[in-house]
Amino acid sequence: MKHLLSFPFLLMLCCPFYANAQEAKGTTYRKISNERLSAVKVTNLKNRISATSDELGNYTIKANLGDTLEFTKLDYTVQKQEYEGFSMVVYMQPEFKLAEVRITGQTKKQELKEIMGAYRSKGTFYNGKPPALSFLTSPITGFYELFGKTPARARRFATFAKREVEASEVDRRYNKPLVMRITGLTDTTQVQKFMDYWRPSFEDLKIWADYDLIKHIKSNFEYFRKEGDKSGLPKLY
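Because the structure is predicted, anything quoted here is derived from the model rather than measured.

Trainee: Can you help me understand helix H8 (residues 188-197) in this one?
Mentor: Residues spaced three or four apart along an α-helix point in a common direction, a consequence of the helix completing one turn every 3.6 residues. Looking at H8, one finds that the buried residues are Val191, Phe194, Met195 and Tyr197. Buried residues in H8, looked at end-on, bunch into an arc of 155°, giving them a common side. Tucked inside the fold, the buried residues of H8 contact helix H7 (176-183) and helix H10 (210-227). The residue sitting at the N-terminus of H8 and contributing the capping side-chain oxygen is Asp187; that oxygen lies 2.9 Å from the backbone nitrogen of Thr189.

Trainee: Honestly, H10 in this entry has me stumped. Any pointers?
Mentor: The terminal C-alpha atoms of H10, which comprises 18 residues, lie 26 Å apart, in line with the 26 Å expected from a rise of 1.5 Å per residue. Those residues of H10 that sit buried are Leu213, Ile217, Asn220, Phe221 and Phe224. The buried residues of H10 occupy an angular sector of 105° when projected down its axis, which confines them to one face. Away from its buried face, by an angle of more than 90 degrees, H10 presents the exposed residues Tyr211, Lys218 and Lys226.

Trainee: Is there a simple way to explain the sheet that holds strand E2 (residues 41-44) in this structure?
Mentor: Across a sheet, strands are paired by hydrogen bonds formed along the backbone, either parallel or antiparallel in direction. Pairing is antiparallel in the open sheet, where four strands are placed in the order E3-E2-E5-E6. Looking at strand neighbours, the two that pair on one side only are strand E3 (50-52) and strand E6 (79-82), the edges of this open sheet. Ignoring strand direction, the axes of neighbouring strands in this sheet form an average angle of 20°. Direction of pairing for E2 relative to strand E5 (residues 68-72): antiparallel, over a ladder of four bridges. What sits directly across from Asn44, in E5, is Leu69.

Trainee: It is not clear to me how the packing of aromatic side chains should be interpreted in this structure. Could you clarify?
Mentor: The description of an aromatic ring pair uses the distance of the two centres, along with the angle that the planes make with each other. Scanning the entire structure with this criterion turns up ten aromatic pairs. Here the aromatic rings of Tyr174 and Trp198 are separated by 5.3 Å at their centres, their planes lie at 90°, and the arrangement is edge-to-face. Of the two residues, Tyr174 sits in the loop between helix H6 (149-173) and H7 while Trp198 sits in the loop between H8 and helix H9 (202-207), which places them 24 residues apart along the sequence. Like Trp198, Tyr174 is buried. The interplanar angle of 45° and the centroid separation of 6.2 Å between the aromatic rings of Phe194 and Tyr197 together place this pair among those described as tilted. Residue Phe194 and its partner Tyr197 are both found in helix H8; the two are separated by three residues, about one turn of the helix. A relative accessible area of 0% means that Phe194 is categorised as buried. Residue Tyr197 is classed as buried on the basis of its relative accessible area, which comes to 7%. Put simply, the rings of Tyr174, Phe194, Tyr197, Trp198, Trp208, Phe221 and Phe224 touch in pairs and so form one group of aromatic residues.

Trainee: Where do I start with the pairing of E6 in this structure?
Mentor: For E5 and E6, the ladder comprises four bridges, and the chain directions are antiparallel. Residue Leu69 lies in a different strand from E6, and its bridge partner there is Gln81. Here E5 folds back onto E6, and the loop between the two strands holds six residues, one of which, Asp75, carries a positive phi near 75°.

Reading guide: rules and limits
- Each chain has its residues counted from 1, following the order in which its sequence is written.
- A pLDDT threshold of at least 70 governs which residues receive local features in this predicted model, and a stricter bar of 80 or more applies before side-chain atom pairs are shown or counted, although totals over entire chains, interfaces and linings include all residues.
- Side-chain descriptors were evaluated using all non-hydrogen atoms of the structure, hydrogens and water having been removed beforehand.
- Per-residue accessibility, obtained with a 1.4 Å probe over protein chains only, is compared with the maximum for each type, and a residue is labelled buried under 20%, exposed over 50%, and partly exposed between these values.
- Secondary structure elements are defined from DSSP: runs of H or I of at least 4 residues count as helices, runs of E of at least 2 residues count as strands, and each element is numbered from the N terminus.
- Think of it as the arc spanned by the lines of direction from the helix axis to the C-beta atoms.
- The contact rule is simple, with two residues in contact once any of their heavy atoms fall within 4.5 Å.
- N or O atoms closer than or at 3.5 Å make up a polar contact, with two conditions inside protein: a donor-capable atom paired with an acceptor-capable one, and, for residues adjacent in sequence, both atoms drawn from side chains.
- An expected span of 1.5 Å times one less than the residue number is assigned to each helix.
- By definition, two strands form a pair when at least two bridges between them are found by DSSP.
- To obtain an axis, a line is fitted to C-alpha atoms, over the contacting stretch when the element is a helix, and the angle between two such axes runs from 0 to 180 degrees between their N-to-C directions.
- A pair of Phe, Tyr and Trp rings is counted when the ring centres sit within 6.5 Å of each other, with Trp represented by its six-membered ring. The angle between the planes then sorts it: under 30 degrees is stacked, over 60 is edge-to-face, the rest tilted.

Functional significance is not addressed by these values, which are geometric in nature.
If you want it as C-alpha cells, here you go:
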C-alpha cells in the first residue's frame, strides 16, 4: 500500500505543469489594425501542445504561468509571448518581401522579343512589314502597317533588333579568350587591335564550323602580324 501511494505523488513531482495547467485564452490581430487573424498556430514551447485561432482570431491552449507561447502564420513574423495568467492579445507583423529581381535570367534576344511584343500589342501585327496578301484580306490593316507611325517605329526597331541579335551571335563565337588562345597574344590591347582589324560577319559564321573560324583567325592574324600596327591596314578575306 505504501508503494502504491507513493507512485502518484512521484508523478506529480516530476510533472507539476500538468497538475496546474490552465486554459490560456487570447486573440490574434494583424499589427496596426483591427483585423483579426484566423489560422494562427499557437504552440506552448514547454509542453509542445498546439492550437489554432478560429475565424474570429480567438484561441485556447493549455499553459502554466511563465510558459512561452509561439504564434506562427504564413507571411507573418513569428511572435513569442510569456503567459502571465490573463487573456493575451497578440499582434502579428506581416513580412515584407522584396519583389523578385531577374539578374541573368533574360538574354538580349528575349529582351528584344519582349519589346517587339509591345509593338504588336499596339496593333502592329507584321512588325511593320505586311505581306502582299494582307491588302486583300484586310486592306485597312495593310495600309496601317505601311503608313502608320507605330508600324514605322516597329520597322526601325526590327532592323535594330536584327543587327543586335546578329552582333551578339558574332560576339558569342568570336571573343578575346578564343583569339588569345589561337594567336598566343597576351596583351589585351593588341588583341583588341586585331579584333578591330578583322571581325567575321554573321553571314560567314552561319556557314563556318569552329574549324573554319580558327583557320580564318590564323590567316588574318598572320597578315596582321607581318604588316605591323599600321592604320588603314587592308583586311584579308
